[in-house]
Amino acid sequence: MAVQAMNKSISTFMIIVAGMLFSMSAMAYDGSGLWLPAARQGDKATVISDVKGRKAAIAVQELRDLWRGGESVTLRIKRDKSLGAEGYRIIPGDGNVTVTANNATGLLYGAYHLLRMQSAGVGLDSVVTEVPAFDLRVLNHWDNLDGTIERGYAGESLWKWEELPGKISPRYKDYARANASIGINGVVLNNVNASSRILSREYLEKVKVLADIFRPYGIKVYLSANFAAPMQLDSLPTADPLDKNVARWWKEKCNEIYRLIPDFGGFLVKANSEGQPGPCDFGRTHAEGANMMARALRPHGGKVMWRAFVYSPADADRAKQAYIEFQPLDGKFDDNVIVQIKNGPVDFQPREPFSPLFGAMPATPQMAEFQVTQEYLGHANHIAFLAPMWEEFFGFVKPESLGAVAGVANIGDDDNWTGHPMAQANWYAFGRLAWDPSLTSREIVKEWLPATVYGGTAMPDDVKSGLEEMMLCSREAVVDYMMPLGLHHLFAFGHHYGPEPWCNPEGARPDWLPSYYHRADSAGIGFDRSPSGSNATAQYPEPYRSLYASASTCPDELLLWFHHLPWNYKMRSGATLWDELCRSYERGCITVSDMQKAWTAAKPYIDPQLYTDVETRLATQARDAQWWKDACLLYFGEFSGMPLPADVTAPVHTLEQLRAVDLGITNFESPSTSLLNSKR
Ligand code: GCV
């Protein structure tokens, strides 16, 4: 695995940061530069390399423009099996740093590693050896061909399909560069709710242009494929995977794709899920469908990423359904199929237990799907640094058991790429963890903050650590003020932003409604997934099966995910469940208020435009936290019939006011500020 710093100290040099780094205040901030340093003015660094090709040329150019370490840098190909196809070694020396790798891709990653150390102000005093934990580190864009982005909160799609292939936005290259700098090596361009048109000749020629731009940055292009494409594009009477004409159609389509894009990565498929077509429509299994596509890709070296996000009502508990459908297919997939599984068993909630499918299919390659875009964590309005969530996941699911990781991108065509400037940290963290899942959230934030927010300024250490804490506590704050103690899916219908635990639109699928998940009644709250309930706990391996099965051993943070408990249930803290619930909501609100204070303290050291943008969004986050707390406590209070504990501040809304907030599918304005608590 990655990062083995060898204890052979060759020379010690500090990369001089302060004063030499770009001064953020001197530049107009628009967030477009991400975590990459701005080009130095004047002298270029000395970079020595005789490696041919575009990739090596990019590595050389990046270092010439951006390296300020004082030493020259030598890039050299040196055969070393242990480094694999993408690894590299950085060797400090007297007046020169040498980067070695088996190929130019490794050298490019090595170059970005040096720049990362420079931005973080980290000295290079021993050999660094890095090999990525996963061969495939891929962003999934849920971008539609009309420019909209499903669950996107940063403008429209970066891909200007109507302009391609003729007109090429400079941002395509910037995007590739940003990804390469954090080790992302694959990109699925279009939404898993896929339009077949992406596979038409017209669109493939556009895709080719993007693939050509991304290639020198070590990035392969993948496409989401609609399983019914043979019917939709070429009027075949069926898409049955066992039909010869269908199989031939996919083979010919793959031949066509590879003639245009020789290193095309393959397909991502959402099949028989949320209305998407799939093999089950023709009486076939997921394995039969995936294998048919895999065989069309095989001669070219392509892969199928087949999603396990399915929930047909095979069981009364949605959390069990993917396992029920996929686990029996273990061993039935071809070896160029990899089953892509969301981190949790339901759907990217602020906290879920890990999906029990992980590890339950030992004869099938598996990959994890994380959601970088904050569909369920406050969109682009809330700071929710997600590295702690993913770090938590890797505490349960061993990286060695996975072949790849995917992240649903939070990127759009906003100047700052991600809507909320601090959400850039989630793109960054995804890349870094996909390369090295042993990194801690703290290590990542210590890289990202100076590279993006305060590099080159004289920010005092206590202010810096305030910002680090602000980032590190932010996801837990969201859990606390939205869905503490294992509660989940309390969102308003459709947009997944505001609280609506009472939501019950006519005709909606029951498993899209909050009451399906919280099950609050006068007897208590929570979803009983224990052996006396849905028995979802039985899908878990030991020790988790036993741990989760009993309320007395289930961790507090997952308690109501697995158990329905009385309001006066005695928690580990000695408090009743109701009191603990109230205090969790309160704590979430207080944490946001602390985050605001940390941001305010940083004001003198931060670009004014960035400062104001984040300040405004934090005010919204604070208002929303109050909204969540009031909505949930007032609503659940009607069932518990219990008063708020004395140390929890009273709601500032009434339930009537909150029920009256228009939470239509697209309108998610939070209640007016005047309704909200100004005391805190
Ligand atoms: C792309 C959730 C989201 C959908 C998304 C789906 C999926 O249900 O709300 O927008 O569709 O997950 O992951 O396929």
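Keep in mind it's a predicted model, so treat the numbers as computed, not measured.

What counts and what doesn't
Residues numbered from 1 in each chain as written. Predicted model: local features only at pLDDT ≥ 70, side-chain atom pairs only at ≥ 80, totals over all residues. Heavy atoms only, no water. Near = heavy atom within 4 Å. Polar contact = N/O pair within 3.5 Å; in protein donor to acceptor, adjacent residues only side chain to side chain. Areas by Shrake-Rupley, 256 points an atom, 1.4 Å probe, with all protein chains shown as cover. Nonpolar A, V, L, I, M, F, W, Y, C, P; charged D, E, K, R; others polar. Buried < 20%, exposed > 50% of the residue type's maximum accessible area, 1.4 Å probe, protein only. Helix = DSSP H or I, 4+ residues; strand = E, 2+ residues; numbered from the N terminus. Pairing = 2+ DSSP bridges. Expected span 1.5 Å × (residues − 1). Bend = angle between axes of the 7 residues up to and from the residue. Contact = heavy atoms within 4.5 Å. Axes fitted to C-alpha atoms, helices over the stretch in contact; angles between N-to-C directions.

1. Section: the site of the ligand
By nearness alone, 15 residues border the ligand, and Glu150, Lys270, Arg307, Lys342 and Glu375 come closest of all. Note that an oxygen atom of the ligand is positioned 2.6 Å from one of the side-chain N or O atoms of glutamate 375. Coverage of the ligand by the protein amounts to 97% of the 340 Å² it exposes when considered alone. Counted by class, the shell around the ligand contains four nonpolar, three polar and eight charged residues.

2. Here we look at the pairing of strand S13 (residues 404–408)
With five of five residues buried, S13 is to be regarded as a mostly interior element. Here S13 shows two buried faces, one formed by Ala404, Ala406 and Val408 and the other by Val405 and Gly407. Across five bridges, strand S6 (residues 136–140) lies against S13 in parallel orientation. The residue of S13 that forms the bridge with valine 138 is alanine 406. Of the pairings in the sheet, the one linking strand S12 (residues 366–371) to S13 comprises five bridges and is parallel in character.

3. Overview of helix H17 (residues 608–640)
Taking 1.5 Å of rise per residue, 33 residues should cover 48 Å, and H17 covers 47 Å from first to last C-alpha, within 8% of that figure. Looking at where H17 begins, the residue whose side-chain oxygen comes 2.8 Å from the main-chain nitrogen of glutamine 609 is aspartate 607. Count one or two residues on from H17 and you reach glycine 641, which has phi positive near 65°.

4. Comments concerning helix H11 (residues 441–454)
With 14 residues, H11 should cover 20 Å at 1.5 Å per step; its first-to-last C-alpha distance of 18 Å lies within 8% of that length. Where H11 bends most, the angle comes to about 30°, and this point is tryptophan 448, followed within four residues by the proline proline 450. The buried count for H11 comes to eleven of 14 residues, which makes it a mostly enclosed element. What H11 keeps buried is the set Ser441, Ile444, Val445, Glu447, Trp448, Leu449, Pro450, Ala451, Thr452, Val453 and Tyr454. Contacts from the buried residues of H11 go to helix H2 (104–120), helix H9 (387–396), helix H10 (424–435), helix H12 (461–482), helix H16 (577–601) and H17. Downstream of H11 by one or two residues, glycine 456 has phi in the positive range, about 80°.

5. Quick word on the sheet that holds strand S10 (residues 303–307)
The sheet built from eight strands closes into a barrel, its strands ordered S6-S7-S8-S9-S10-S11-S12-S13 with parallel pairing. Mean inter-strand twist for the sheet, computed between neighbouring axes without regard to direction, equals 25°.

6. Section: the environment of histidine 563
Looking at where histidine 563 falls in the secondary structure, it is placed in the loop between helix H15 (559–562) and H16. Accessibility expressed as a relative area gives 4% for histidine 563, which makes it buried. Remark: the alpha-carbon pair of histidine 563 and glycine 533, spanning 30 residues in sequence, is separated by 8.3 Å. Setting aside chain neighbours within four positions, we find histidine 563 in contact with Ile525, Gly526, Phe527, Asp528, Arg529, Ser530, Tyr548, Ala549, Ser550, Ala551 and Cys554.

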